[in-house]
Every structure is written in structure tokens, then in C-alpha cells.
Amino acid sequence: MGLVMAVVGTAASYIQLTRFLREDLTRSVATQQTALATYVARDVDNYLGERLSFLERLAGAVPPELLAQPGQLRAWLAERSTLSALVPLGLTVADTGGKRLDDAGQLVTDSPEFTAALAGQRAVGRPHATLSGHSALPMAVPMRNGAGQVVAVLLGTADLTADGLLDHLQDGRVGQSGGILVISPRDRLFVASTDVSMSLKPTPPDGVNLLHDRAMAGFRGSGTTRNAKGIDEISAIASVPTSGWFVVARLPVAEALAPVGRMQSFILAQRGPAVSAVLIVLGLVMAWLLRPLFRAADQADRMTRGELPLAPLKVVRDDEIGHLTQAFNRLLAKLLDNQEALERLAHHDTLTGLPNRKLLDDRLQQALAHAGRQGHMVAVLYLDLDGFKSLNDTFGHEAGDRVLQEIARRLQELVRQTDTVARIGGDEFVLLATGLKEPAEQGALALAQRCIDAITEPLPQEQAGMAIGVSVGIALGNGSEAPRDLLAAADKAMYRAKQGGRGSYAMTGVATEG
């Protein structure tokens, strides 16, 4: 048990330490990922804000008269696009109906950026891939007249690839397999990713990544989740206010918690042998210390099975085990001292000290067997007190108990040492007389009369003339009867005596009464 407790304690400490390190490291990584996501989100927001601000300044600088001169407007925009690298994929101006004022065709008027610009807000559109494989991001700002009304929309397209935004995400990755995601919840699209295969791909459907679903619904923070590829990750989400996008910094749990695995390996490799050695030494010491206890327990167990006699155990050492052995020896001595008393309690009435029915049956069996061998007679007198119930009800049970003890004393004074007086019920006694010779009937009747006389003598507990009497039933046996049959015959004779008048006796087969 000591070894088991030591092993369990060591294993529990190992598991608790591992759990603590995992939780602590998870919190640390989550904090790190949150800081990274916030930094990248701020950087992306600055990137977008810089280009939208450029378009707003440019929209305010467009000469109003050029809106009616497509050729000159086209040249003016081309010159500005050449001078600035913020929107390298071109500039254009469209009226509120979506017609390009540089005479280059019609725009798609239901695009989110055009719709937002008509409403007087600057906005970014849905990223898409160009023919050269770059990631293009359309943007739009409103153009207003002197009255502040939106009269046209200035649109520009940024090149996310050429601007180095994706390279910046690659530089911001953590670990070997961690990454950054820029997601547009409006378009349900991965805008950019350190995993280039995910860029401009749709986000997973609901239910695949629970933390992603919460982020799409507006959650910002960190947590542990399982991605669409079935990999557990620690992810942090931060908002990009300008566009409504959000940035996800993620790191696989296996990589984040790799130090825990290395710590476990170190403990097992460095501490395992030492712990094993300590446990072995502890086991040997405990075996030596507990050997006397095991030996004493084995002897005590064999005593309980009856293989060894009850005897004191040997005290080997004067320590706790020795003290325990001495206590066992004292307990054993007390048990032996009480064994006789227990046997007496098992065969005697606790109130009067007389033999009980069990001991009476045994003695009656022996008496009948002896009578059959010797040719003697056995008399069984069945005594039932008269008036005891009234006395008990009037003076209480304590008074009744004292009366029963007094009756028992008187009956014992009447009989020989070879005879037996037993109490077999509340106020019922049986007197067993053995070794009766002829005429046995006269001897039994005389004994019955003596019992009646002794019991009817005044009792110390009597009050107001209350008297106790007895009815006696007598049955004789010569050894051929069964004990219970002889007792039953005496019982029937006692009932005849009560019917004939209390304070009398009756014998089976004899009509004499006293």
C-alpha cells in the first residue's frame, strides 16, 4: 500500500505539473497571439487608411470641369496614378449611374464599394485575383460638389501582392507552422494568408470551426479551436476597423505546447530512475518494518479459522508494531476472560441467572438418556405463576422483576444439586428432577406441593393483600420419551391444574391435586 501510495502520489504530481504547464503556456501563447493579431490588424488598417485617404485627397483635387471631358480626365488620372504607387492598378471616375466618365465603359453598380461611396462613405470592395496572379483590392470614395452632394465616385485598385502585404504577413508568422489570416466576414473570404493556398478562397461553412463562427458573428479575443483541417490551434482575433475585416493569428497546439512534451521527456529521462530507486528502497524498508505485523496478522487469521489455539502473539520490537501486538494480546486475554461469561449468557436467563430453555433441553436430553440406562424416572414440573400479571401491572416491571428473582431463589433452595430449575418464559419455570425411584409419582407430587408452598409465602413486594400463587403440571418419563414430548405433557397438565383451580397441581395420567 505504501508503494502504491508513493507511485500514485508521484504520478499525480506529474499530471498536475503537466496540466499547470499546459494551462500556463496556453495562456502565454494566447496573449502572444493576441498581441500579434492586434499588431497585424493595426498594420493592415493603416495600409487601407493610407490608400483611402489618398483617394479622398485626389477626389477633392479633381477639377470639376474635367468630369465633362473624358480624354483630359483620363490623362489627368493616369498622371496621378503614375506619380503614386498607392493604387498601381488604376484610377477611374464614374457618375452616380455607374458610367465611367473617362469614356472607358460601364461599372458594376452593385459592388459594395460603389454602393457605399454613393452613400457618402469610403469603402473597400471584394478582393480578387488579376490575370497576373496578384491580389487586387478595389476601393472607392465619393466626389462631392460645392453643396456637398455626391456627384461621382472615384475608384482605385490596390495591388496587395505588389505592395508587399502578403510578404509582411509571412514575416509576422510565429513558429514553424503558425500563421496569419486576414478575413472579410462580409464577403466570407480569406483576403490574405501566410498560407498562400488559402488567399482569396472562401471561408469554411458554419460548424466546421466553432471559434471562426464566433469571429464571423463579432467575437474578438482568443481561444482554442479545431480548424477545417482537423488541427487544434490557439487563435487570437483582432478587428480591422476601416474595412470591417478581422485578423487571425494562429498557432497549432502541438507546436505551442511542445515545451511541455520536452519537459515530460526530461522528467522521465532524468527523474524516472531516481524515483524508481527511491521507491524500491522504500519498499524494502517498509517490508522490513511491516514483517512482524504481517506475521502477527497471519497468526491472528489462523486463530480465527481455528488452525491455531488462542494464544498471545510474540512481541518482536518495542515500537508502534510492538505496541499494537501488546494491545492485541491484552484484547485476547480479555476475550478469554469473558468467554466463560459469554457462554453463561448463551445458556442462562439474564434476569434470574437460571438455565434457559436451550440449557434445559440439553440437560433433559442427558437426564432421559441416563434414566433409560439406569432404570430411574425423571419428573418434569411445569410452573406458571398465578396473579403475576396483576402484580406486574399494578407495581410496575421493576417490581415484577424482583418477584421473579425471589421466586427463582426459592425454587433453587428446594432442589438437589443434580436437579435443574429453568426459566423458559415471562412467568414460567420448569423444574427437572432426576434419579427418582419408585414410587416416583409420590415423590413428584410432594415436590410439586413444596413448590406451591414456597411460592405462596408472602413476598416483600406485596401490597394491599396481593398474593402470588402457582399452577404446576407434572409429567414423568423413564427415558423412552423425547424431551419436547415430556415438556408438552407437563404443559398440558399445568393447564389442567389452572382449570381445576389455581394454586394446584396436576399430573399426566394421575387425577391427584394438592
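## Some thoughts on helix α14 (residues 483-500)
Piece 1. Helix length check: α14, at 18 residues, gives a terminal C-alpha distance of 26 Å against a target of 26 Å (1.5 Å per residue), a fit within 8%.
Piece 2. Of the residues making up α14, those classed as buried are Pro483, Leu486, Leu487, Ala490, Ala493, Met494, Ala497 and Lys498. The buried residues of α14 occupy an angular sector of 145° when the element is viewed end-on, so they sit on one face. Set apart from the buried face of α14 by more than 90 degrees, the exposed residues are Arg484, Lys492 and Gln499.
Piece 3. Where α14 is buried, its residues touch α10 (357-374), β11 (377-386), β13 (428-436), β14 (469-477) and β15 (505-507).

## Overview of a nonpolar patch on the surface
Piece 1. Judged by side-chain polarity, Val281, Val285, Trp288 and Leu289 come together as a nonpolar surface patch covering roughly 360 Å² of accessible area.
Piece 2. As for its placement among the helices and strands, Trp288 is situated in helix α8 (residues 272-304).
Piece 3. With a relative accessible area of 47%, Trp288 lands in the partly exposed category.

## As for the sheet that holds strand β12 (residues 420-423)
Consider a sheet: its strands pair through backbone hydrogen bonds, and that pairing is either parallel or antiparallel.
Piece 1. The strand order across the open sheet formed by five strands is β12-β13-β11-β14-β15, and the pairing between neighbours is mixed. A single partner strand is all that each edge strand has here, and the edge strands are β12 and β15. The sheet shows a mean angle of 20° between the axes of neighbouring strands, taken without regard to direction.
Piece 2. As paired strands, β14 and β15 are joined by three bridges and run parallel to one another. Its bridge partner lying in β15, Val472 is registered against Tyr505.
Piece 3. The sheet strands contacting α14 are β11, β13, β14 and β15, and the helix crosses β14 at an angle near 140°.

## Looking at the environment of Leu404
Piece 1. Structurally, Leu404 is set in helix α12 (residues 397-414).
Piece 2. Between the C-alpha atom of Leu404 and that of Met494, which follows or precedes it by 90 residues, the distance is 19 Å.
Piece 3. Setting aside chain neighbours within four positions, we find Leu404 in contact with Leu351, Thr352, Leu385, Phe388, Arg423, Gly426, Asp427 and Phe429.

## Focus on the nonpolar core
Piece 1. Within the largest apolar cluster, 41 residues are counted, with the highest numbers of intra-cluster contacts made by Leu48, Leu55, Val93, Met139, Leu154, Trp245 and Val247.
Piece 2. At twelve residues, helix α1 (residues 2-61) tops the list of elements feeding residues into this core.
Piece 3. The residues contacting Met139, other than those within four sequence positions of it, are Leu48, Arg51, Leu52, Leu55, Glu113, Ala123, Val124, Leu154, Leu155, Gly156 and Ala158.
Piece 4. Among the nonpolar cores identified, the runner-up in size contains 37 residues, and Leu431, Ala454, Val470 and Val472 belong to it.

## Observations concerning the pattern of salt bridges
Piece 1. Per the stated rule, a full pass over the model turns up 17 salt bridges.
Piece 2. Between Glu406 and Arg410 there is a salt bridge, with its nearest N and O atoms 2.9 Å apart. A residue pair is termed a helical-turn pair when its members lie 3 or 4 positions apart in one helix, as Glu406 and Arg410 do in helix α12 at four residues. With respect to class, Glu406 is no different from Arg410; both count as buried.
Piece 3. Between Arg409 and Glu413 there is a salt bridge; the shortest N-O distance is 2.6 Å. Here Glu413 and Arg409 lie together in helix α12, a separation of four residues that amounts to about one turn.
Piece 4. One salt-bridge network, held together by shared partners, links Glu406, Arg409, Arg410 and Glu413.

## A look at the packing of α12 against helix α13 (residues 440-456)
When two helices pack together, you describe them by how their axes are tilted relative to each other and by the distance separating the axes.
Piece 1. With their axes 10 Å apart at the nearest point, α12 and α13 run at an angle of 145° to one another. Seen from above, α12 lies across α13 with right-handed handedness. Contact residues: Ile407, Arg410, Leu411 and Leu414 in α12; Arg450, Cys451, Ala454 and Ile455 in α13.
Piece 2. Grouping the constituent residues of the contact of α12 with α13 by class yields six nonpolar, no polar and two charged.

Conventions adopted
- The numbering scheme is per chain: residues are counted from 1 as the chain's sequence reads.
- Only residues with pLDDT of at least 70 get local features here, since the model is predicted, and only at 80 or more are side-chain atom pairs given and counted; chain-wide, interface and lining totals rely on the full set of residues.
- In computing side-chain properties, one takes all heavy atoms of the structure into account and sets aside hydrogens as well as water.
- Secondary structure elements follow DSSP: runs of H or I no shorter than four residues count as helices, runs of E no shorter than two count as strands, and numbering proceeds from the N terminus.
- Under the convention used throughout, the expected extent of a helix is 1.5 Å for every residue step, that is, one less than its residue count.
- Only protein chains enter the accessibility calculation, which uses a 1.4 Å probe; a residue is then buried when its area is under 20% of its type maximum, exposed when over 50%, and partly exposed in between.
- By arc we mean the arc of the directions from the helix axis to the C-beta atoms, nothing more.
- Whether two residues are in contact is decided by their heavy atoms: any pair within 4.5 Å suffices.
- Within the patch definition used here, like charges are joined within 9 Å and nonpolar side chains (Val, Leu, Ile, Met, Phe, Trp, Tyr) within 5 Å, considering only residues with over 30% relative accessible area and no salt bridge.
- Working definition of accessibility: Shrake-Rupley area with a 1.4 Å probe, residue cover restricted to the visible protein chains.
- We count a salt bridge whenever a side-chain nitrogen from Lys or Arg sits within 4 Å of a carboxyl oxygen from Asp or Glu.
- Two strands qualify as a pair provided DSSP detects at least 2 bridges between them.
- Helix axes are fitted to C-alpha atoms over the stretch in contact, other axes to C-alpha atoms as well, and angles between N-to-C directions run from 0 to 180 degrees.
- We define the nonpolar core as a collection of buried residues of types Ala, Val, Leu, Ile, Met, Phe, Trp, Tyr and Cys that are connected through side-chain atoms lying within 4.5 Å of one another.
- In this scheme, a crossing is called left-handed if the near helix is turned counterclockwise away from the far one by less than a right angle; it is called right-handed if the turn is clockwise.
- Any residue that is not Ala, Val, Leu, Ile, Met, Phe, Trp, Tyr, Cys, Pro, Asp, Glu, Lys or Arg is counted as polar, Gly included; the first ten are nonpolar and the last four charged.

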